Every structure is written in structure tokens, then in C-alpha cells.
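Spelled out from the first residue to the last, the chains are:
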Amino acid sequence: MLKIEHLSVSVDDRQILHDINLHIKPGEVHVLFGPNGTGKSTLISTIMGFDRYEVTEGKMFFKGQDITHMPVYERAKLGVGVMIQRPPTIRGLTLRQMVNICGAAPEETEKMAEWMGLNHFLDRSVNEGFSGGEIKRSELLQLMAQRPDLLLLDEPESGVDVENIALVGRAANYILNSNSTAPCGKACDNSRCALKNINPLTESKRCGLIITHLGHILKYVPAQIAHILYEGTIACSGDPQEMLACITESGYESCINKGCRRCRK
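So, a few notes on the structure that sits alongside this text. Throughout, residues of each chain are indexed from 1 in the direction in which the sequence is written. Given that this is a predicted model, residues contribute local features only at a pLDDT of at least 70 and side-chain atom pairs are listed and counted only at 80 or more, while totals for whole chains, interfaces and linings are drawn from all residues. Note: side-chain values were computed over all heavy atoms of the structure, leaving out hydrogens and water.

### Focus on the packing of helix α5 (residues 132-146) against helix α6 (residues 162-177)
Here is step 1 of the chain: Comment: axis = line fitted to C-alpha atoms, over the contacting stretch for helices; angle = value between 0 and 180 degrees taken between N-to-C directions. By definition, any uninterrupted DSSP run of H or I lasting at least four residues is a helix, any uninterrupted run of E lasting at least two residues is a strand, and each is numbered from the N terminus. As a packed pair, α5 and α6 sit with axes 10 Å apart at the nearest point and diverge in direction by 10°. Taken together, α5 and α6 sit at an angle that is classed as roughly parallel. α5 and α6 meet at a crossing whose hand is left-handed. In this structure, α5 contributes G133, K136, R137, L140, L143 and M144 to the contact, and α6 contributes N164, L167, V168, A171, A172, Y174 and I175.
Here is step 2 of the chain: Of the residues that constitute the contact of α5 with α6, the class distribution is nine nonpolar, two polar and two charged. Note on terminology: angles under 35 degrees are roughly parallel, angles over 145 are roughly antiparallel, angles of 65 to 115 are roughly perpendicular, and the others are oblique. Two helices cross in a left-handed way if the nearer one is turned anticlockwise from the farther one by less than a right angle. They cross in a right-handed way if the turn is clockwise. Here, residues are in contact when the closest pair of their heavy atoms is within 4.5 Å. Lys, Arg, Asp and Glu make up the charged group, whereas Ala, Val, Leu, Ile, Met, Phe, Trp, Tyr, Cys and Pro make up the nonpolar group; the residues left over, Gly among them, are polar.

### Quick notes on α6
Here is step 1 of the chain: In a helix, the anticipated span is given by 1.5 Å times the number of residues less one. Helix length check: α6 (16 residues) gives 23 Å between terminal C-alpha atoms against 22 Å at 1.5 Å per residue, within 8%.
Here is step 2 of the chain: Each residue is placed in one exposure class: buried if its accessible area under a 1.4 Å probe, protein chains only, is under 20% of its type's maximum, exposed if it is over 50%, and partly exposed if it falls in between. Of all 16 residues in α6, 13 are buried; the element is thus mostly enclosed.

### Regarding helix α8 (residues 240-250)
Here is step 1 of the chain: Every buried residue belonging to α8 is among P240, M243, L244, C246 and I247, and all of these are buried. In a view along the axis of α8, the buried residues occupy a sector of 160°, so they form one face of it. Within α8, the exposed residues directed more than 90 degrees away from the buried face are T248 and E249.
Here is step 2 of the chain: The backbone nitrogen of Q241 lies 3.2 Å from a side-chain oxygen of the residue at the head of α8, namely D239. Working definition: the arc comes from the directions between the helix axis and the C-beta atoms, pointing outward to the latter. Think of a polar contact as two N or O atoms within 3.5 Å of one another; within protein, one of them needs to be a possible hydrogen donor and the other a possible acceptor, and neighboring residues in sequence only count if both atoms come from side chains.

### Remarks on the packing of helix α4 (residues 106-115) against α5
Here is step 1 of the chain: It is at 10 Å that the axes of α4 and α5 come closest, and there the two elements cross at 140°. Taken as axis vectors, α4 and α5 run oblique relative to one another. Taken as a pair, α4 and α5 cross one another with a handedness that is right-handed. Of the residues in α5, those in contact with M112, A113 and W115 of α4 are L141, M144 and A145.

In C-alpha cells form, the structure reads like this:
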């Protein structure tokens, strides 16, 4: 689904990433660990095609198409969706309008907003006056409408309380595994039942790349492969839960330099 080969990226003439190789197959979810400032957000932003990230070497392919220099809107139309850490406030554009732009019919917008606890936010400007958790839910609501084939999540747990982490996790799992925006086909007595009843790793071909520090999202979104991004390159790959335990126990550098038994280079 996503193939990145020998990718190097600069921001403001400063190299951030070098020789990144990453293959994500249909139906796979990968998780990306790494210290702050090592280039994790740069990688996701480059995959999405944001302007300030300059590809100096390498190629990126999505669904067999070369997207290395493709504009953001074309990548979105092709099926790439992203939740960034600090999305902008868009005054004058309501959340309802944004969700409709992303592809939801009016009745779907109402139902999905109810699932995400945002039905009273639909007629407010996008992200204006929203708390950190409300912004995360707003971003996921838009992604639920878009239904991307590649879901990119940049630290979905940051700034989110315990209750909202569960909702964020279920929503991400729903985006990856649901084939429609209204799985129950009718009004639910429990407004969030559609998010609770998703069977992880069904026959969905959608894939994901998730940046996390604490790993809370892994309780709700099963991942198959984890990577450590260190000093601008992928230094180590392995089982997500084992790698998280290794990082917690020994730290990033020790896991990489000492050849932690739980990781494989």
C-alpha cells in the first residue's frame, strides 16, 4: 500500500531524515517510536506532502503511484488522511461544513458527530475554542468522513485525558476497519456502540502509521510492526508490545546500540 525507498528530507535546508525505507502492506498498522526531535512528525508530514518538507532523495509510492511530488489535495483524493498535533483554527468554516467536504452525507455527519460527542460543536468554526481532546475528536470526525486507505496519526494521545484516549482509540480503529460511515444502518440506543463493536483486524485493506510515545493507543488499535526512528533514520524494527517494553525498560539508545533481544534491526 505504501512504499518508501531511500527517502531523505530537509526542512529549511537542514536535513532531518536520511535513507528511510518503509513498506506498509494492505491491512497493516505500523507504530513509530522515537525521542522528541528525531523526525517522526517530519516523516508523516512528508508522506502527506506538506510544503515545507523538501524531498532531497528517494521515492514514495502509494497504491502503486509515485506520490513523491504530488500535491496534498491529490494525495487526499487518492486516500491518504492525517491527524496532526496542532491543526489550525478555521474561522468562518463550520465543523459541519468541513465534515461534509470530507465526504459525509448530512445524516452521516449528525450520527458520527454524536458518536464523537461533538453534535453540539457542528455549527461552530473548526477548532475555534476547542479543548485539546475536542480538537483530537474533531480531526478524527473528519477522517471518519474521509475514510482514508492510509491513516496517519501523529501522537493521538497527546493532550487527551484517559476517557478521551479510549474514544480516540476506538475511532481510529473504526476508521481502519469499518467499510461504511454508518455500520449499524439505524439509530443506536448507545450513541457510541458503533465505535465499541468494531472487530479489530477484519478484512479491511486500510493501513496506518501511528506515532506514539506512551503506547496507550495500542490498547485500541492493534499494530503489527513497530519501528524506532532515531537520529533521522529507522534504526530498529520489531513487535510493538515487546519494543514498547524494551524502550520503557532500557531507553531508545540502549535498545538500538546494545541490540535488545526484543528488537531486530
